[in-house]
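What follows is each chain in one-letter form.
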Amino acid sequence: MAVMPMQRIGIYALKSRRKPILELIQRRGVVEIHAEKAEDAVFRQTDTAPAKARFENNTSTLQAALEALDKLEPEKKSLFAPLEGRTPIPLSRYEETAGAAGKTLRAASRVNALWKKCADDRAEILRLEAQIRMLEPWSRLDVSMRTTGTASTAAFIGSFPAEYTEEALKAEIARGAPEIDGVAVEVLSAGTQQTCAFLLCHASNGAKLEAFLRSIGFTYPADRSKKPPQARMQDLNARIEKLRAEIDGAEAEIRTYAALRGAMQYTIDYFSMRIEKYDVLGRLWQSPHVFVITGYIPAESAPALEKELTEKFEAYVELETPAEDEDVPVKLKNNAFAAPVEGVLESYSMPGRKEIDPSTLMAVFYYFLFGMMLSDAGYGLLMVIGCGIALAKFKNMEESLRKFLKMFLYCGISTVFWGAMFGSFFGDAVTVIGKTFFNVDIAIPALWFTPLNEPMRLLLFSFLIGVIHLFAGLGAQFYQLARQGLWKDAIFDVVFWYMLVGGGILYLLSMPMFSDMVSLGFTLPAAAGTAGAVAAGIGAVGIVLTAGRESRSPFKRLLKGLYGLYGVSSYLSDILSYSRLLALGLATGVIASVFNQMGAMLGNSPAGVAVFVFAFLVGHTLNLGINVLGAYVHTNRLQFVEFFGKFFEGGSRKFNPFSAKTKYFKITEEK
């Protein structure tokens, strides 16, 4: 339960040794760099934006090539690939990658050019296919669509916005233009919204016929081909086949670069590290001969880095304790029990400068509460086995994922414990299987009690856990104030609340009416109730008198004190929030039992066995997934809202060192 002490570090070295020093610091990953020096006549910063942009463009080129390869020649990965982590490569391999970066980049550019050609050809195919669809209604036409007639005839090739037969179109012309005779009509295609037709008349009637046709909606085709439509369609289909052949050839060539996938991944990581390095380089202060690195380093890592820099590069390293008002980054360090919940804490906020790391205290309650919410030994056993196998088998797993699985491993152990206490093993699966298929009455007895039979007992226990959880949060606040020497604040803001809330609980427990109402089974002596009432009264008066102590006006102090006392209602709502332990615990068992009963509906028969196995596997898989998610969400809520609300504000930023933030490979030092 520790926030690691930080030191401010200054590194001063010759500019000629800048590259190896930066690369060493990047590989060690223990320094968060901040450039604090102001520009003067000697030291200046270098503009590295052009170099960064070049590396970013190179990375984009390689990434695009990888995406093209993944679409055409997907990389074969196992189902458990996310658990395998990044492949470790030695430093020498990284340096080889740097030497071959140009060749790999040229290959990636070729892949991208081929992929772009494929995309362009596909777009062209779509355009040609659209032209073919436009020509299909004219496919019966055996002359060019640009035909306008001969010396003695006028021809019209176009469409009408309505459906016509040849007879109907001729009749329309006869009614609307009776002076025109000898009009030949051929309907090429007809639909509800368009009729394509070829019309022919004597050249002397051409202008009159065109005027009439336009009056009934006649229009010429937008794209009139020189060739007859059928011939034009054949040409277009030939072009499409040629483009498809070109696409196949380009894709085949792209596939030949699949062997370079690893090299591209190496190079992407190489350029990513260069981008990070040039970003840092642009923030360093440099003179013609010297450069300066300033930042923060964990105190425990400082001696080793100082020794390495001074011995290898003759650099001068300066270490200082940060001032009280400095914005120092926060890094946590915990034991194997508490470290898994660091990710949950970080998702909320990092501890403030004067706050403790609550990970250990939080871990105790986190595992405890999660197990109570899931509370089925069968589900917990599956979690333990699954997480245990993954942790044991995949040694190279990313640290964040390893912590996440460890957290669920501990949650699974807690779930097994509470499942045994409540007698739940895949719900009542043992009882149902025994009675349905073996005609025997067998059950796993609860080591404590069965929540379905005594829900009020579990509810009261949940409230008790809530009180302990909240009081632990208050205790953490007392510790934080006390170690700062703020003893008065510790008494005013913590002790008085202990007295008010704790005394009120003692008083309630001494009331027979309350004990009967909640079926408590015992009542505290009247003397305990009196002591609780006195303590609650003292706490209430103390809160009223001290909650507004920062105000100078007595009237404002009184009003703020009364408002502070009103905060007791939040304690009531916080305690009631722990009823979710009952709700989720019961939901897990009830849903599991329902699936068991559904599976046993057909009884002891071959069909009944098949249905039970199916219902058991599907039902319990769904129940496990839903209730693990529910337990995770609600456990986080009880930590973030109820527990942290009593002592934790956070607000600091996470330690973000200059390191090798690679995507595909993990660079290791050679021994």
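Okay, so let's go over this structure.

Rules of the game
- Residues numbered from 1 in each chain as written.
- Predicted model: local features only at pLDDT ≥ 70, side-chain atom pairs only at ≥ 80, totals over all residues.
- Heavy atoms only, no water.
- Helix = DSSP H or I, 4+ residues; strand = E, 2+ residues; numbered from the N terminus.
- Buried < 20%, exposed > 50% of the residue type's maximum accessible area, 1.4 Å probe, protein only.
- Contact = heavy atoms within 4.5 Å.
- Core = buried A, V, L, I, M, F, W, Y, C linked by side-chain atoms within 4.5 Å.
- Axes fitted to C-alpha atoms, helices over the stretch in contact; angles between N-to-C directions.
- Parallel < 35°, antiparallel > 145°, perpendicular 65-115°, else oblique.
- Left-handed = near helix turned anticlockwise from the far one by under 90°.
- Expected span 1.5 Å × (residues − 1).
- Nonpolar A, V, L, I, M, F, W, Y, C, P; charged D, E, K, R; others polar.

## Observations regarding unusual backbone geometry
- Positive phi, close to 50°, is recorded for F426, a residue that is not glycine.
- As for its placement among the helices and strands, F426 is situated in the loop between α14 (399-422) and α15 (429-437).
- The phi torsion at N439 lies on the positive side, around 55°, for a residue other than glycine.
- Tracing the backbone shows N439 in the loop between α15 and α16 (455-483).
- What makes N439 exposed here is its relative accessible area of 69%.

## Overview of the side chain of K277
- Relative to the elements of secondary structure, K277 occurs in helix α9 (residues 261-281).
- Setting aside anything within four residues of it in sequence, one finds K277 in contact with K19, L22, E23, Q26 and F658.

## Some remarks on the nonpolar core
- Grouped together as the largest cluster of nonpolar side chains are 69 residues, with contacts concentrated most on I21, V31, M264, L284, I293 and L309.
- Looking at this core, the element that brings in the most residues is helix α5 (residues 101-135), giving 11 residues.
- For M264, the contacting residues outside a window of four places in its chain are L62, A65, L66, L69, T104, A107, A108 and V111.
- By size, the runner-up hydrophobic cluster in this structure holds 67 residues, among which are M372, W418, F616 and F648.

## Overview of α15
- Residues of α15 that are buried include every one of A429, V432, G434, T436 and F437, and no others.
- Among the structural elements, α22 (580-599) and α23 (606-643) are those in contact with the buried residues of α15.
- With its phi angle positive at about 55°, N439 sits one or two positions after the end of α15.

## A few points about the packing of α5 against α9
- At their nearest, the axes of α5 and α9 sit 10 Å apart, and the two run at 115° to each other. With respect to α9, the axis of α5 lies roughly perpendicular. Handedness of the crossing formed by α5 with α9: left-handed. When α5 is examined against α9, the residues A101, T104, A107, A108 and V111 are found in contact with a partner set consisting of A263, M264, T267, Y270 and F271.

## Considering α22
- For α22, with 20 residues, the first-to-last C-alpha span of 28 Å sits near the 28 Å given by 1.5 Å per residue.
- Along α22, the residues classified as buried are R580, L581, L582, L584, G585, L586, T588, G589, A592, S593, N596 and G599.
- Those residues of α22 hidden inside the fold are in contact with α12 (359-374), α13 (377-393), α15, α16, α21 (568-577) and α23.

## Brief notes about the packing of helix α19 (residues 526-546) against helix α20 (residues 554-566)
- Put simply, α19 and α20 touch, their axes get as near as 6 Å, and they point 135° apart. Here α19 is positioned oblique relative to α20, judged by the angle of their axes. For the pair α19 and α20, the sense of crossing is right-handed. Contacts from A540, I543 and V544 of α19 reach α20 at R557, L558, G561, L562, G564 and L565.
- Split by residue class, the contact of α19 with α20 holds 6 nonpolar, 2 polar and 1 charged.

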